[in-house]
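Given next are the chains, with one letter for each unit.
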Amino acid sequence: AMGLRLTGQARASLDRCVLEMHRRGAVRVEDSASLEMQDCQVRRNGGHGVFVADRATATLSRVTLDDNQGCGVCLQTSRYASVIDNFLINNGEDGLFATGSARVKVELNTCTRNERNGLAFSGEIEGELAENVCSQNGWSGIQAGDRARLRAQQNTCRFITRHGMM
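Residues numbered from 1 in each chain as written. Predicted model: local features only at pLDDT ≥ 70, side-chain atom pairs only at ≥ 80, totals over all residues. Heavy atoms only, no water.

1. Here we look at the pairing of strand β13 (residues 96–99)
The side chains of a regular strand alternate between both faces of the sheet. Bridge count between strand β10 (residues 73–77) and β13: 4 bridges; the pairing is parallel. Each bridged residue has a counterpart across the sheet, and for V73 the counterpart in β13 is L96. Note: β13 against strand β16 (residues 119–121), 3 bridges, orientation parallel. When the sheet's bridge partners are listed, A98 is paired in β16 with F121. (Pairing = 2+ DSSP bridges. Helix = DSSP H or I, 4+ residues; strand = E, 2+ residues; numbered from the N terminus.)

2. Overview of the pattern of salt bridges
Applying the stated rule across the entire model yields 12 salt bridges. Between D15 and R16 there is a salt bridge; the shortest N-O distance is 3.3 Å. What makes R16 exposed here is its relative accessible area of 66%. Close ionic contact of R103 with E128 constitutes a salt bridge, the shortest N to O distance being 3.3 Å. Of this pair, R103 sits in strand β14 (residues 103–107) while E128 sits in strand β17 (residues 126–130); the two residues are 25 residues apart in sequence, bridging distant segments of the chain. Of the residues examined, R103 reaches a relative accessible area of 35% and is grouped as partly exposed. Overlapping salt bridges bring together R103, E126, E128 and R149 as one network. (Salt bridge = Lys/Arg side-chain N within 4 Å of Asp/Glu carboxyl O. Buried < 20%, exposed > 50% of the residue type's maximum accessible area, 1.4 Å probe, protein only.)

3. Quick look at unusual backbone geometry
Backbone geometry follows two general trends: most residues other than glycine have a negative phi, and most peptide bonds adopt the trans configuration. Even without glycine at this site, D67 takes up a positive phi of about 60°. Residue placement: D67 occurs in the loop between β9 (64–66) and β10. D67 gets classed as partly exposed once you look at its relative accessible area, which sits at 39%. With phi around 55°, Q154 is a residue other than glycine that occupies positive phi space. Tracing the backbone through its elements, the reader meets Q154 in the loop between β20 (149–153) and β21 (156–158). Q154 gets classed as exposed once you look at its relative accessible area, which sits at 63%.

4. Side note on the side chain of N132
If you trace the backbone, N132 turns up in the loop between β17 and β18 (133–135). Accessibility expressed as a relative area gives 0% for N132, which makes it buried.

5. A few points about the environment of G100
Inspection of the secondary structure puts G100 in the loop between β13 and β14. When its relative accessible area of 29% is taken as the criterion, G100 is described as partly exposed. For the pair G100 and S122, spaced 22 residues apart in sequence, the C-alpha separation works out to 6.9 Å. Excluding residues within four positions of it along the chain, G100 makes contact with S122, G123, E124 and I125. (Contact = heavy atoms within 4.5 Å.)

Take a look at the structure:
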């Protein structure tokens, strides 16, 4: 089962929570729903830790996304996501994967020991990346596709298997 699913125009604010060991992922936000999450632990879930799709929005701050089978955070949205000051570690895919035409703000995150990339962006994603630290990820620290429009400032990538930033 899934930990939390928001659909329609649902709104949720999670503070100081633990979402652990959900077979189909911890949180799914879709349609025009909105999620605010802070000071939470999202760990050891099947699927993605937090999955945001459709026209949904999400704001994550001070969340630890650890040891999820999929991505720590997967954004497949056409609106907005803010991912600031989080730990994205030991996930089975990317620490954060964002695709589509979303606008994102990704700052001050630590992305370590994810199977693929620390931070990955594809599609016509647009936004800002600042002061993220990506280390010891399986592929790249930060990977962006050729249609991504990102402004990157003061990011650090170290101890990366393939590429620091690609």
